[in-house]
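Each chain, letter by letter, is given below.
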Amino acid sequence: MPRCVLAVLVVLTVPVIAASAPRFVHVSWSKPDASTTMTATWMTDSTEDSSRVQYGIDDVTENEVEGYAFQGNGELGAIHVAEMEGLDPDTTYLYRVGG
């Protein structure tokens, strides 16, 4: 008598919540010695979105810093802040905010 083998494959899917795109990105001086430190500030929809800044001279992935986020008033959304330190004076940097 022939046997039949029944295989059942179960695929579990986990919903992935995409991070909202950074908006209103602003880079400014944050310390009295503005020659070596800059702060990036931007907004997203959630404080759960990444507060990371990547930056470098030749490649944006040379350095990375994790900042923090807090909930803005009203409909502002989440405000993210990250400080880049140890920058070389009179040097142009590439940067990217968010995750």
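Given the structure is predicted, the values throughout are model-derived calculations rather than measurements.

**Focus: the overall build of the protein**
Here is step 1: Regarding its fold elements, the protein presents zero helices and seven strands.
Here is step 2: What you see in the protein, going N to C, is helices and strands ordered as β-β-β-β-β-β-β.
Here is step 3: Across the 99 residues that make up the protein, the buried fraction comes to 27%.
Here is step 4: By sequence separation, contacts in the protein at least 24 residues apart represent 57% of the contacts at least 6 residues apart.
Here is step 5: When the accessible surface of the protein is totalled, it reaches about 7,400 Å², and 56% of it is carbon and sulfur.

**A short note on the environment of Tyr68**
Here is step 1: By the element assignment, Tyr68 lies in strand β5 (residues 68-71).
Here is step 2: Exposure remark for Tyr68: the relative accessible area of 49% places this residue in the partly exposed category.
Here is step 3: Each C-alpha atom, one on Tyr68 and one on Arg52, is 8.3 Å from the other, the two residues being 16 residues apart in sequence.
Here is step 4: The contact partners of Tyr68, leaving out residues within four places of it in the chain, are Ser51, Ile79, His80 and Val81.

**Some thoughts on the sheet that holds strand β4 (residues 63-66)**
Strands belonging to one sheet form pairs held by backbone hydrogen bonds; the direction of such a pair is parallel or antiparallel.
Here is step 1: If you walk across this open sheet you meet the three strands as β4-β3-β7, and the pairing is antiparallel. Edge strands, defined here as strands with exactly one partner in the open sheet, are β4 and β7 (94-97). On average, adjacent strands in this sheet sit at an angle of 15° to one another, irrespective of strand direction.

Parameters and conventions
Residues numbered from 1 in each chain as written. Predicted model: local features only at pLDDT ≥ 70, side-chain atom pairs only at ≥ 80, totals over all residues. Heavy atoms only, no water. Helix = DSSP H or I, 4+ residues; strand = E, 2+ residues; numbered from the N terminus. Buried < 20%, exposed > 50% of the residue type's maximum accessible area, 1.4 Å probe, protein only. Contact = heavy atoms within 4.5 Å. Areas by Shrake-Rupley, 256 points an atom, 1.4 Å probe, with all protein chains shown as cover. Pairing = 2+ DSSP bridges. Axes fitted to C-alpha atoms, helices over the stretch in contact; angles between N-to-C directions.

The values are spatial; any link to function lies outside them.
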